[in-house]
Structures are given as C-alpha cells and as structure tokens.
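Each chain is listed here by its residues.
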Amino acid sequence: GAGVSQSPRYKVAKRGQDVALRCDPISGHVSLFWYQQALGQGPEFLTYFQNEAQLDKSGLPSDRFFAERPEGSVSTLKIQRTQQEDSAVYLCASSVPGVRQPQHFGDGTRLSIL
Amino acid sequence: SQQGEEDPQALSIQEGENATMNCSYKTSINNLQWYRQNSGRGLVHLILIRSNEREKHSGRLRVTLDTSKKSSSLLITASRAADTASYFCATDAGTGRRALTFGSGTRLQVQP
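So, here's what we can say about the structure. Everything numeric here is computed off the predicted structure, so don't read it as measured data.

## Regarding the state of the cysteines
- Enumeration according to the criterion identifies 2 disulfides over all chains in this entry.
- For C23 of chain A, the disulfide goes to C92 of chain A, at an S-S distance of 1.9 Å. Its S-S torsion of about -65° marks the bond between C23 of chain A and C92 of chain A as left-handed, since a negative value means left-handed. Of this pair, C23 of chain A sits in strand β3 (residues 19-24) while C92 of chain A sits in strand β9 (residues 88-95); the two residues are 69 residues apart in sequence, bridging distant segments of the chain.
- The disulfide bridge from C23 of chain B ends at C89 of chain B, spanning 1.9 Å between sulfur atoms. Residues C23 of chain B and C89 of chain B share a disulfide whose torsion about the S-S bond is about 65°; that sign makes it right-handed. Of the two residues, C23 of chain B sits in strand β3 (residues 19-24) while C89 of chain B sits in strand β9 (residues 85-93), which places them 66 residues apart along the sequence.
- Since its relative accessible area comes to 2%, C23 of chain B is described here as buried.
- For C89 of chain B, a relative accessible area of 3% corresponds to the buried category.

Have a look at this one:
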C-alpha cells in the first residue's frame, strides 16, 4: 500500500515568492499533521487536521503560513512572501484517530529560499 | 521549541554492540514514542510507551520510561549497520492534544 506522499521533494524559491507544498495521506487516515524540521533538529509541529477541520494551528509561526484540507484528504501548506528563515524540510504525517496511534510520515519537501 | 534534549547527540559503535540513547522532556505526558529517520527520509515509528508503563520491548528494542525524572531511554541490542540513522523521542501532552513534541535527536552510526 502507498505511504504518505509529498510533492515536490525539493523546492527552491526566491525570497518574497509564494510556495505551495502538497501532501497525500494514507488512504483512510483522517488525521493529518504538518511539521517543520530545521537542519540537525527534530521536527516542530505546525498544524493538525481531523478530516477537513483544522483543529490545531498553534504551531504556525506567522500569518504567512496557511494550511488547508478542503475535502478531508489531500492537504496543502502554503507559505506567502517567503523569507530565508522558512528554509527547512516540511514533513507531513497521517494517522488513524487516537492519541496512541503512530504517525506515518512522508519523506518531506526540502524548501530552500534564496 | 523542542520539548527536551537527547543524549548523546551523536553515537558511533561497532556492529554487534548495544546502543543506548536517552531523552529528557519537560512537561507531563500521555505517551512517549521513539522514531527513527534515515538521511533524507521521513520518520518511522518504532515504539510507544504509555505514561503508566515503565518498560517495553519490541524485537531488539527496549524502552524505559521514568516519569518522576521525565526521562526515557532507548536500547538497541546487537546493532547492525542498517540501524544507522537519527533517533528521536516524541511526546504528546497530557491534554489529549495530538501534536507531537520531538527532541533534538541522536545520530547513531553503526560501523560494519
């Protein structure tokens, strides 16, 4: 079965451009998470969806970051007016409901802002 | 911000040796999980231990949890070159919130 798929794998953008990162979760997984991972660090939570509802967006670092999951499946993380400090790997994870359920991660999108 | 620290930051051992990694965290938790990450890849779930458990085993993995010290350890026995990866502990808050808070990771190198 397919795992979590993220695209693109690599994205280079100039400072000030907008970017959109896509996540295809495992089929049937209602929970979807976005994390940001800086080089040499552990992932940091950005936001969480249950189906199409964004239940937690406490980790989004600024109003330039926006995430959506309109049909409860594919999710898009959008970053507007990118800045150099946005350079990182953006990881998406999905799971079935429940706090003791493991999260299944995609391989991430490596974003570089020039 | 990171929940806590992992110790050591890097560890290099020979194949067949045991590897022990430690994790400390700051707040009350429901569960603690360990994940591994190969270079350039996503994280893979290894094991989960509940806050009311003290020890758990899975294959060559042994995890301990000491909630009074807010610490956990991951032991990999009889290591293999394929175990080379970064290992992260992750906690979820006692509020039922689904977000995971990760440590800074231990980079394990197993020499063949």
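## A few points about the sheet that holds strand β8 (residues 71-76) of chain B
Residues and elements named next belong to chain B.
- In space, the 5 strands of this open sheet follow the order β1-β3-β8-β7-β6, with antiparallel pairing throughout. Each edge of the open sheet carries a strand with a single partner, namely β1 (6-7) and β6 (55-58).
- In terms of strand pairing, β6 meets strand β7 (residues 61-66) through 4 bridges, oriented antiparallel. Looking across to β7, one finds that E55 is bridged to T64.

## Brief notes about the interface of chain B and chain A
- Facing 24 residues of chain B, the contacting portion of chain A comprises 27 residues.
- Both faces combined, the contact of chain B with chain A buries some 2000 Å², and carbon together with sulfur accounts for 46% of it.
- Between D107 of chain A and R41 of chain B there is a salt bridge, with the nearest N and O atoms lying 2.9 Å from each other.
- Linking chain B with chain A are 10 residue pairs in polar contact (both at pLDDT 80 or more), by the criterion used here.
- Tallied by class, the residues present in the side of chain B that touches chain A amount to 7 nonpolar, 11 polar and 6 charged.

## As for the sheet that holds strand β1 (residues 5-7) of chain A
All names here are of chain A.
- Reading across from one edge, β1-β3-β8-β7 is the order of the 4 strands in this open sheet, with antiparallel pairing throughout. Looking along the sheet, the strands with just one partner apiece sit at the ends: β1 and β7 (65-68). Adjacent strand axes in the sheet meet at a mean angle of 15°, parallel and antiparallel pairs treated alike.
- Where β1 and β3 come together, 3 bridges link them in antiparallel fashion. Residue pairing across strands places S5 opposite D24, the latter belonging to β3.

So, how was this worked out
- Residues numbered from 1 in each chain as written.
- Chains lettered and ligands numbered in written order.
- Predicted model: local features only at pLDDT ≥ 70, side-chain atom pairs only at ≥ 80, totals over all residues.
- Heavy atoms only, no water.
- Disulfide = S-S within 2.5 Å.
- Helix = DSSP H or I, 4+ residues; strand = E, 2+ residues; numbered from the N terminus.
- Buried < 20%, exposed > 50% of the residue type's maximum accessible area, 1.4 Å probe, protein only.
- Pairing = 2+ DSSP bridges.
- Contact = heavy atoms within 4.5 Å.
- Buried area = accessible area lost by both parts, 1.4 Å probe.
- Salt bridge = Lys/Arg side-chain N within 4 Å of Asp/Glu carboxyl O.
- Polar contact = N/O pair within 3.5 Å; in protein donor to acceptor, adjacent residues only side chain to side chain.
- Nonpolar A, V, L, I, M, F, W, Y, C, P; charged D, E, K, R; others polar.
- Axes fitted to C-alpha atoms, helices over the stretch in contact; angles between N-to-C directions.

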